[in-house]
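# Results of the structural survey
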Amino acid sequence: MKTIKASGVGNPIDRIEGHLKVTGKAKYASEFPVENMVYAQGVNSTIAKGKITSIDTTAAENLEGVLAVITYKNAEKLKNYTKEMTDFSLTTIAPVFQDRQVYYYGQYIACVVAETFEQAQYACRLVKVTYEEETPDIHLDKNKSKAYKPGDSADFTRGDMEAGMREAHVTLEETYTTPIEHQQPMELHAAIVSWNNAEVKMYANQQILDQATTSISETFNIPKEDVQIITPYIGGGFGSKLNVFKHITMATMASKMIGRPVQITVTRQQMFTNTGMRQFDEQKMRLGAKKDGSLTALAHHTTSHTAKNLQYFEACGNVSKMLYKTPNNAVTHRLIPLNIQCPSSMRAPGEATGSFALESAIDELAWKLKMDPIDFRIKNDTQVDMGEDKPFSSRLLKECLRIGADKFGWEKRKMQPRTNKNGNWLIGYGVSAASRRAPYMKTSAKVALELKQNAVNANLKMDATDIGTGTYTIVAQTVSEYLSIPVENVIVEIGDSEFPVTPGSGGSWGAASYCNGARKACENAIAELKKKQNIAESEEIEIAELLRQNNLSSFEAEGTVEPSEEYKKHSVFSFGANFTEVWVDKDTGMYRIKRMVNVGSAGKILNPKTAYGQIIGGLTMGAGMVIAERTQVEPNYGNFITRTLADYHVPVNLDLANIDVIFLPEEDKIANEMGIKGIGELGIISVAASIANAIFNATGKRMRDLPITPEKLIEAGLEPGVA
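In short, a report on the structure.

Calculation notes
Residues numbered from 1 in each chain as written. Predicted model: local features only at pLDDT ≥ 70, side-chain atom pairs only at ≥ 80, totals over all residues. Heavy atoms only, no water. Helix = DSSP H or I, 4+ residues; strand = E, 2+ residues; numbered from the N terminus. Rg over C-alpha atoms; globule rule 2.2 N^0.38 Å. Buried < 20%, exposed > 50% of the residue type's maximum accessible area, 1.4 Å probe, protein only. Areas by Shrake-Rupley, 256 points an atom, 1.4 Å probe, with all protein chains shown as cover. Lys, Arg positive; Asp, Glu negative; His and termini not counted. Charge placed at Lys NZ, Arg CZ, Asp CG, Glu CD. 1 Å grid on protein atoms, 1.4 Å probe; cavity = no way out; pocket = protein on both sides within 12 Å on 5 of 7 lines; lining within 4 Å. Points joined across faces, edges and corners; volume = space filled by probe spheres on them. Nonpolar A, V, L, I, M, F, W, Y, C, P; charged D, E, K, R; others polar. Pairing = 2+ DSSP bridges. Axes fitted to C-alpha atoms, helices over the stretch in contact; angles between N-to-C directions. Contact = heavy atoms within 4.5 Å. Parallel < 35°, antiparallel > 145°, perpendicular 65-115°, else oblique. Left-handed = near helix turned anticlockwise from the far one by under 90°. Right-handed = clockwise from strand over helix to strand, strands pointing away. Polar contact = N/O pair within 3.5 Å; in protein donor to acceptor, adjacent residues only side chain to side chain. Phe/Tyr/Trp six-rings, centres within 6.5 Å; stacked < 30°, edge-to-face > 60°. Lys NZ or Arg CZ within 6 Å of the ring centre and 35° of its normal.

Our focus in this paragraph is the overall build of the protein. For the protein, the helix and strand inventory stands at 18 helices and 28 strands. In terms of C-alpha radius of gyration, the protein reaches 27 Å, essentially the compact-globule figure of 27 Å for 723 residues. If you line up the protein on its principal axes, its C-alpha atoms span 75 × 75 × 50 Å. Counting over 723 residues, the protein shows a buried share of 62%. As displayed, the protein offers around 28,100 Å² of accessible surface, 48% of which is attributable to carbon and sulfur atoms. Distance from the positive charge centre (80 side chains) to the negative charge centre (86 side chains) of the protein: 4 Å.

Below you can see the structure in the form of structure tokens.
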């Protein structure tokens, strides 16, 4: 068999775990063989607000195979929320069945445990519940008087907004709305939990193991070190698997009560009601600019909803603090408590939705100024993050826009809408700028070296997770790079909370944090081996020779990295630009995305193949925001009308375009020693705006409410002269 020689960072090698996945050997949370295992399923409420007055579990308990039905009557007492609106963070506790109160439709009100999955499912239907029902608050518009400020970080001001608007020659005031969306990864949320003498071991698809163990330990009032989570593979998350949701609590409680391992799988329908979502956002934008295109003022005011007992908000306005040079700036966020499950993180929370409003408004203001929208953005470029009063560690946004324009053929665009036509099709070009913070977080790793004949094998361990992004591969490439050994000699073990601690997957911090942690462990191994033989650090010597000189066949070293002082003095972001060509049928309102060009400035690209996949995924989700994605709330009862993948639509191949992805050469050594920045969320940011802006260029109609459907375009009037 031919040996693959490609190794080290920067090479587009195949995923090292790919063969395990395509052959079904990669085990996901619900697939581990555990002896004596039983099955749990949650029972959901059928009202959005009220109290349980009675719950009859007799029929379910008498069913063959049923071992227990857990309700508020017999549930273990857990740590509960201590204030009216608890922040829904990555370590927030997840109590369940602690009282009779129902806060939203679909809330877990009971849990059935049975010998088989089918028995548990059927028994759930036999649980009889009656309620003291109350009128739920489910309408944003009807409850705006209840809007409140969710903490000091919700608002930001710079300069004098009103003075800036008075100074402007051209102004814009518009409102943009984005709907509730659901993450819906391919792999359902699931866990297998074993409670043994107050020690908990679980296979669970959590994106961040260290913080998940904190949440579970605090919920059950047990030491954190007594909780172990194992998750070698995660079949997608998009933020939905960041938090500990209540199915984890139910399975843990059930295992403790029954004394057997318990498997729980959240159904696809429950993925809509019980594992988070992107919240609805109403964003009011106010912008002002001088005749030469200089921005004088920018305000971004967001109103969203949260749950009745948990608080979460997308910081939609954060992008408006830093993307452009604006002397006068105001950003606010307000929340309205509703009887709907608590929102949570979804890919690029805040930026994905906030960029739609900002980049649509920027395009609108450029149109009013009769300026090319690329020129307008470049005119207001800045090398200083005015939101934090720090210089950017690097910022190549202008280059992204210019290179993308050249690749896309922007010169063919005509400013006047409805100018480019092909038969019944109206053709439009749209552009948008993108930015996403590129965090770098404390990370530890352990590397074990083994000398066999003349070859060195390396085993790298950390509690990182792979949610389909290529963690195994880029970490292996890093070890290969810094030990100068073939990548096929590297084994990467991740996804176990007992391994060295990392920040987990999420927030675009994974690649930079993981790989620098792996780098440090490898560098420490080399340094320690050299030190034992008094070899100068600058002397080049192969790792195999180092082991031989130390008369060692094996050796272990650990490494920990964290942000430098220089990092803390700068604002570290990835940047990008999106270009879209859209064809709109003037009679039916049907439209097609014909071409997309994405240019990214995201530091050193560790693996162009896996990075390309990340951007393609982001572009697809961004297109989904425009084309179809929307979770609708039933206006009377508060349940979701769209509750399966049959009626919650996402893009398919025919919806997408010919896509070019370009990475600018960049190594940001202020960001971290390897020069890496995150790209996992950059790909989705402002994609929706580029499509909406292209639709305006094609039709002359501004669409400010997502998704943009053919019906909305027809209602807007696609014929010339129709208002």
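Next comes the rest of the account.
Our next topic: the layout of surface pockets. Empty space within the second largest pocket amounts to approximately 600 Å³. Along its surface, the second largest pocket is lined by 29 residues, and Tyr81, Pro95, Tyr103, Lys246 and Asn309 are the ones closest to its centre. Of the residues in the lining of the second largest pocket, the class split is 17 nonpolar, seven polar and five charged.

Further remarks concern the sheet that holds strand β26 (residues 573-585). Pairing between the strands of a sheet comes from backbone hydrogen bonds, and it takes one of two forms, parallel or antiparallel. The sheet built from five strands is open, its strands ordered β20-β21-β26-β27-β28 with mixed pairing. A single partner strand is all that each edge strand has here, and the edge strands are β20 (420-422) and β28 (658-663). When the angles between neighbouring strand axes are averaged without regard to direction, this sheet yields 25 degrees. Alignment of β20 against strand β21 (residues 425-437), held across three bridges, turns out to be antiparallel. Within β21, the position partnered with asparagine 422 by the bridge is tryptophan 425. Together, β21, β26, β27 (591-601) and β28 form the strand contacts of helix α11 (residues 397-408), whose direction differs from that of β26 by roughly 30 degrees.

Moving on, we get to the packing of helix α16 (residues 608-627) against helix α17 (residues 687-699). In contact at an axis separation of 8 Å, α16 and α17 are set at 50 degrees when each is read in the N-to-C sense. Taken together, the axis directions place α16 and α17 in an arrangement best described as oblique. Crossing of α16 over α17 shows right-handed handedness. Taken together, the residues of α17 that come into contact with α16 (itself represented by Leu619, Gly622, Ala623, Met625 and Val626) are Val687, Ala688 and Ile691. The residue inventory of the contact of α16 with α17, partitioned by class, reads seven nonpolar, one polar and no charged.

Before going further, it helps to spend a moment on the environment of glycine 236. As for its position among the elements, glycine 236 is in the loop between β12 (227-230) and α6 (246-258). A residue is classified by how much of its surface remains accessible, and glycine 236, at 9% relative accessible area, is buried. The spatial distance from the C-alpha of glycine 236 to the C-alpha of leucine 451 is 36 Å, given a sequence separation of 215 residues. Not counting residues within four places of it along the chain, the set of residues in contact with glycine 236 comprises Pro185, Lys241 and Ile467.

Once that is clear, we can look at the pairing of strand β10 (residues 190-196). With five of seven residues buried, β10 is to be regarded as a mostly interior element. Relative to strand β13 (residues 262-265), β10 runs antiparallel, the two being bridged by four bridges. Looking at β13, one finds that alanine 190 is bridged to threonine 265. Bridge count between β10 and strand β11 (residues 199-204): six bridges; the pairing is antiparallel. Across the sheet, residue tryptophan 195 finds its bridge partner in β11, namely valine 200. What sits between the antiparallel neighbours β10 and β11 is a turn of two residues, in which asparagine 197 has the positive phi angle 55 degrees.

It is worth spelling out the pairing of strand β23 (residues 455-461) at this point. The sheet contact formed by strand β22 (residues 443-452) and β23 spans seven bridges and is antiparallel. The residue of β23 that forms the bridge with leucine 451 is valine 456. Joining the antiparallel neighbours β22 and β23 is a turn of two residues, in which glutamine 453 adopts a positive phi near 55 degrees. Pairing of β23 with strand β24 (residues 490-493) involves four bridges; the strand directions are parallel. Its bridge partner being in β24, alanine 458 is matched across the sheet by valine 490. Regarding the hand of the β-α-β motif, the stretch spanning β23, helix α12 (residues 471-483) and β24 is right-handed.

Within the open sheet, the seven strands sit side by side as β3-β6-β1-β13-β10-β11-β12. Their pairing is mixed. Edge positions in the open sheet fall to β3 (66-70) and β12, since each of these has one partner strand only. Across the sheet, the axes of successive neighbouring strands diverge by a mean angle of 20 degrees, strand direction being ignored. The sheet contacts of helix α3 (residues 117-124) involve β1 (38-44), β3 and β6 (108-114), and relative to β1 the element is tilted by about 20 degrees.

With that settled, the discussion passes to the side chain of arginine 519. Summarising the element assignment, arginine 519 is placed in helix α13 (residues 510-532). Residue classification places arginine 519 among the buried positions, given a relative accessible area of 2%. Within the local environment of arginine 519, its side chain forms a polar contact with the side chain of glutamate 523, the two groups lying 2.8 Å apart. Once residues lying within four places of it in the same chain are set aside, the contact partners of arginine 519 are Tyr440, Thr478, Tyr482, Val561, Glu673 and Met674.

A few words now on the packing of α12 against α13. Each pair of packed helices can be described by the angle between their axes along with the distance between the axes. At a minimum axis distance of 9 Å, the contact between α12 and α13 shows a crossing angle of 30 degrees. The angle between α12 and α13 places the two elements in the roughly parallel class. Every pair of crossing elements has a handedness; the one defined by α12 and α13 is right-handed. On the side of α12, the interface is formed by Thr471, Ile474, Val475, Thr478, Val479, Tyr482 and Leu483, while α13 contributes Ala511, Tyr514, Cys515, Ala518, Arg519, Cys522, Glu523 and Ile526. Counted by class, the contact of α12 with α13 contains 11 nonpolar, two polar and two charged residues.

Before going further, it helps to spend a moment on the environment of glycine 10. On the secondary structure map, glycine 10 appears in the segment before α1 (18-22). Note on glycine 10: relative accessible area 31%, which makes it partly exposed. Separated by 676 residues in the primary sequence, glycine 10 and serine 686 place their C-alpha atoms 27 Å from one another. Setting aside its immediate chain neighbours within four residues, glycine 10 contacts Gln477, Ile605, Leu606 and Pro608.

On to the packing of aromatic side chains, then. Within the structure shown, the criterion is met by 17 aromatic pairs. For the pair phenylalanine 408 and tryptophan 410, a centre-to-centre distance of 6.4 Å together with 40 degrees between the ring planes defines the contact as tilted. Here phenylalanine 408 matches tryptophan 410 in class, with each residue buried. Arranged with centres 5.9 Å apart and planes meeting at 75 degrees, the rings of tryptophan 410 and phenylalanine 579 form a pair that is edge-to-face. Of this pair, tryptophan 410 sits in the loop between α11 and β20 while phenylalanine 579 is found in strand β26, placing the two residues 169 residues apart along the sequence. With relative accessibility at 8%, the residue tryptophan 410 sits in the buried group. The structure contains a cluster of three or more aromatic residues connected by ring pairs, namely Phe408, Trp410, Tyr429 and Phe579. When the ring centre of tryptophan 367 is taken as origin, the NZ or CZ atom of lysine 370, which lies over that ring, is 3.3 Å away. The ring centre of phenylalanine 408 lies 4.2 Å from the NZ or CZ of arginine 595, which sits over that ring.

Just distances and angles here, no functional claims.
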